[in-house]
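# Observations on the three-dimensional arrangement
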Amino acid sequence: MYNSMVKRAPVTEDVVSGNAGEVVLAVRELSKTYETRAGRKLVLNSIDLDVHRGEFVCVVGPSGAGKTTLLRCMSGLLAPTAGQVLLDGELVTRPPAKLAVVFQDYSRSLMPWMSVESNVMLPLRAKGMPGSQSRKLANTSLEAVGLADAGRQYPWQLSGGMQQRVAIARALAYEPEVLLMDEPFASVDAQTRADLEDLALNLRASFGVTVVLVTHDIDESVYLGDRVVVLSGSPTRIRDDVSVDLPSPRDQIETKVLPRFAELRKRILQEIRSDRASR
Amino acid sequence: MAFRRAIDFRLKTRLLTIFLELILPVGAVAAWWALSAGSTSVYFPPLSQIVTALRETWLFEHWSTDVFPSLENLALGFLVSCLVGIGLGVLLGLLPIVADAVAPVLEFLRAVPGVALLPAAILLLGIGAETRISLIVFGTMWPILLNTIDGVRAIDPMVRDVAESYQIRGLGWLRRIVLPAASPQIVAGMRTALSVGITVMVFSELSGTTNGIGFQILSAQRSFAVPQMWAGMILLGIIGYLLNIAFRGFEHVVLRWHRGMRQLARS
Amino acid sequence: MTATEIINRPSAAVGGAPIGSSALGLQLRRIAYAVAAIIVALAAWQIGVDSGVVNRAAVASPTDIARAAGPLITKNGFWSAVGATVRSWSEGLAISLLIAIPLGLLIGASDLFYKLTRFSIDFLRTIPAVALVPLALLLYGATDRMALVLIVFGSVWPMLLQSMYGVHQVDPIARDVARAYRFRRRERIFRLVLPSASPFIATGVRIAATMSLLLAVGAELFGGAPGIGNEITVQQQTGNIPVMFVYVVVSALLGLVVNLVLINVERRALKWHSAERSTSV
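This write-up is about the structure you can find in this document.

### Here's the deal with the overall build of chain B
The helix and strand inventory of chain B stands at 11 helices and zero strands. Mapped from its N terminus to its C terminus, chain B presents α and β elements in the order α-α-α-α-α-α-α-α-α-α-α. On C-alpha atoms alone, chain B measures out to a radius of gyration of 24 Å, which is more than a quarter above the 18 Å that the 2.2 N^0.38 rule sets for 267 residues. Here the C-alpha coordinates of chain B stretch approximately 75 × 75 × 30 Å along the principal axes. Classification of the 267 residues of chain B by burial places 40% in the buried group. In chain B, 76% of the contacts between residues at least 6 apart in sequence involve partners at least 24 apart.

Structure, rendered in structure tokens:
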């Protein structure tokens, strides 16, 4: 069963350094305007972004910068006002089958009336996979996130970190090409966050899935990403696209003491600060 | 040693609780028995007579001719109510604009006391079981329908996002996501509907019928068979109580996850 | 889909309104829909009766009812019937309120009392009050007293149970605060328990009010006590179906008005609590 999940080859150096070439998710001139009682509000201002196969792209920006809006448009949950999103060359108008999302609020994104195992099986059953096969896939997935024994429990019986792992397992079992994560580690404590960050890196390395992770935590974005896309405040556009040339595999201690880490971090932080100052 | 003492303590508290809970009902019944033993009042016969009437008349004579048909009507009416109420409720819950538009009409219909419609129902449908079942459906539908609408509308938008993002649609979506998510509200509506149903069942038989629990209680009253009347009332109480316990069992199973979740939130 | 189509597609609003509308416009539109629904419902009813699908000898059409209502409202008999119902309803509700709420608070607060009464309350409350109609008739005849007894018996339970439940819902943190500040019993009752339990008590009152109206009409219908229910029987027996339906509509309107009034009073009196309350039947 493990083999069926490793659809793509493990990530190579080429991919990590951004030379993969093939664009799997493309965002073209994406704009989003909201109608509010106070009038129209331009949230996203013509965003252009290319995500390459196997990449780990982190998106950071100040609060209220429309990071979540961008992610929702990319996932097909929200229709843009202008521009388009293309997955493998196909236009995204509703959530496509090759894409999975992990949301920030894990307690609300897992179904409380189903066991952990059933939760992970849910998308598989919905697309018609037979029960026994779904169950095997789900359990492999749960094992991959370190929750092999939690299948029979209910989500609300687990800790926050474990619940988010279940959500990640669910996304993984779906075998998507692209995984979108919306501030997935923001609601857990620092220690759990470090574990989950490493889990995300391991899963990307094992299963070769492309990841776009939205976060407000700059350290996290540099630690995890092959690239960090820096957004400006509203109306949001891309301020910078920083290539993270830190060595792989990353380590919570070793990587973070590297001078290069501090440089990248400083650069991004300065960008965000100056963006705030100019408002 | 301490372990054994702990078990003893828990056992003792348990027994004490059961004892306390039973004192009043058992004591009240015993007091009723004793106080009414020598009663000559027409309206308040001795409890012993009532129990005899219960055993002889109700439990055997009237069981198949009255009690069972009444309960059958209730079951049928409640079932139809659930199907229509939940089905329509889910539909309206998913179409909030329509639900808002028909809300005044529904509220008005809900406010009509079922009792007031009894004469009209008899005129329309005659004195058969259909009349009673229709009234039961009419009375019990509103709590189920309105609660279902509320429950579906209150589904967490995040749950809908997750379902959409994983392409869960159609019947599977209704069955695995919408209905379970709304189930606490729906079950609460069903609980209300059950007690309304019992009430409607009784009053639908107080007029224009030829059989049924309510009919027999009324007949007993009219022919001054007072012990039989009291026995009927007590039987109703017992039936209602048993139905409630059965429903609680159903609720226990269906909403186990909900209970667990809330217990955790409380602690 | 071409690029221009995408640009012109309306946004799948996340909390936003359709382009070009204001809040007021939305409100008016909602009211218009509701009015339309009411008109459709009335029309369907009218057509049903007129076309013979629904037997005219059993159900009156909206126009029949309206026509009958006109002269009826001027008659004294109408208002005395309505008055009788309202009187027994309010008297019954008041009595059961005075019994049920203090009792419920007491039982809810004391673990001992709760255990003692749990079984009995559970049993007694499932007895439908209508089942008492024969007994009440026997004891009191077709009088106001009969209606009153029935109403009190039936409407005590919702308020009792809700009061008991409300006492248990006192926020444990608030309770700790009261203990830390060493509230005396009286302060605790009036400043902690009653305010916390009040939304539940209010819900109980609302349910009881609806139930007691139902019981009032029921007692009049079956027992012959004066009131709306009695009029319904009389009109049915004399074959005056439209007039009978006027009374049916009146009873529904009474129930609606009572409910609306109570909801408003509740909302105003419990403004501070409304953030924590859920909406349910």
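### A few points about helix 3 (residues 62-74) of chain C
Note: α-helices contain 3.6 residues per turn, so residues at a spacing of three or four share the same orientation. Residues and elements named next belong to chain C. The first and last C-alpha atoms of helix 3 sit 19 Å apart over 13 residues, in line with the 18 Å expected at 1.5 Å per residue. By the burial criterion, the buried members of helix 3 are Ile 65, Ala 68 and Leu 72. Summarising the contacts, the buried residues of helix 3 are in contact with helix 4 (76-109) and helix 11 (241-269).

### Section: the interface of chain B and chain A
Contacts between chain B and chain A engage 18 residues on the former and 19 residues on the latter. Per-element tally for the side of chain B that touches chain A: the top contributor is helix 7 (residues 157-165) of chain B, with six residues.

### Observations concerning the sheet that holds strand 7 (residues 178-182) of chain A
Residue and element names in this part refer to chain A. Strands sit in the order 6-7-8-3-9-10 across an open sheet of six strands; the sheet is mixed. The open sheet has two edge strands, strand 6 (99-102) and strand 10 (238-243), and neither has a second partner. When the angles between neighbouring strand axes are averaged without regard to direction, this sheet yields 15 degrees. As paired elements, strand 3 (residues 56-60) and strand 9 (residues 227-231) share four bridges and run parallel to each other. If you follow Val 57 over to strand 9, its bridge partner there is Arg 227. The strands that helix 3 (residues 67-75) touches are strand 3, strand 6, strand 7, strand 8 (210-215) and strand 9; relative to strand 7, the one it contacts most, it runs at about 155 degrees.

### A short note on the pairing of strand 2 (residues 39-52) of chain A
All names here are of chain A. By the bridge criterion, 10 bridges tie strand 1 (residues 23-36) to strand 2 in an arrangement that is antiparallel. Paired with Tyr 34 across the bridge in strand 2 is Lys 41. Between the antiparallel neighbours strand 1 and strand 2 lie two residues.

### Digging into the pairing of strand 4 (residues 82-87) of chain A
Residue and element names in this part refer to chain A. Two elements, strand 1 and strand 4, share five bridges in a ladder whose sense is antiparallel. Bridged to Val 27 within strand 4 is Val 85. Where strand 4 and strand 5 (residues 90-91) come together, two bridges link them in antiparallel fashion. Its bridge partner being in strand 5, Leu 87 is matched across the sheet by Glu 90. Here strand 4 folds back onto strand 5 in antiparallel fashion, the turn holding two residues, of which Asp 88 has a positive phi close to 55 degrees.

### Here's the deal with the sheet that holds strand 1 of chain A
Within a sheet, neighbouring strands are paired by backbone hydrogen bonds and run either parallel or antiparallel to one another. Residues and elements named next belong to chain A. In space, the four strands of this open sheet follow the order 2-1-4-5, with antiparallel pairing throughout. Looking at the sheet topology across the chains shown, the edges are occupied by strand 2 and strand 5. Relative to strand 1, helix 3 is tilted by about 120 degrees, and along the sheet it contacts strand 1, strand 2 and strand 4.

About the cut-offs
Residues numbered from 1 in each chain as written. Chains lettered and ligands numbered in written order. Predicted model: local features only at pLDDT ≥ 70, side-chain atom pairs only at ≥ 80, totals over all residues. Helix = DSSP H or I, 4+ residues; strand = E, 2+ residues; numbered from the N terminus. Rg over C-alpha atoms; globule rule 2.2 N^0.38 Å. Buried ≥ 20, exposed ≤ 12 C-beta atoms within 10 Å, placed from the backbone. Contact = placed C-beta atoms within 7 Å. Expected span 1.5 Å × (residues − 1). Pairing = 2+ DSSP bridges. Axes fitted to C-alpha atoms, helices over the stretch in contact; angles between N-to-C directions.

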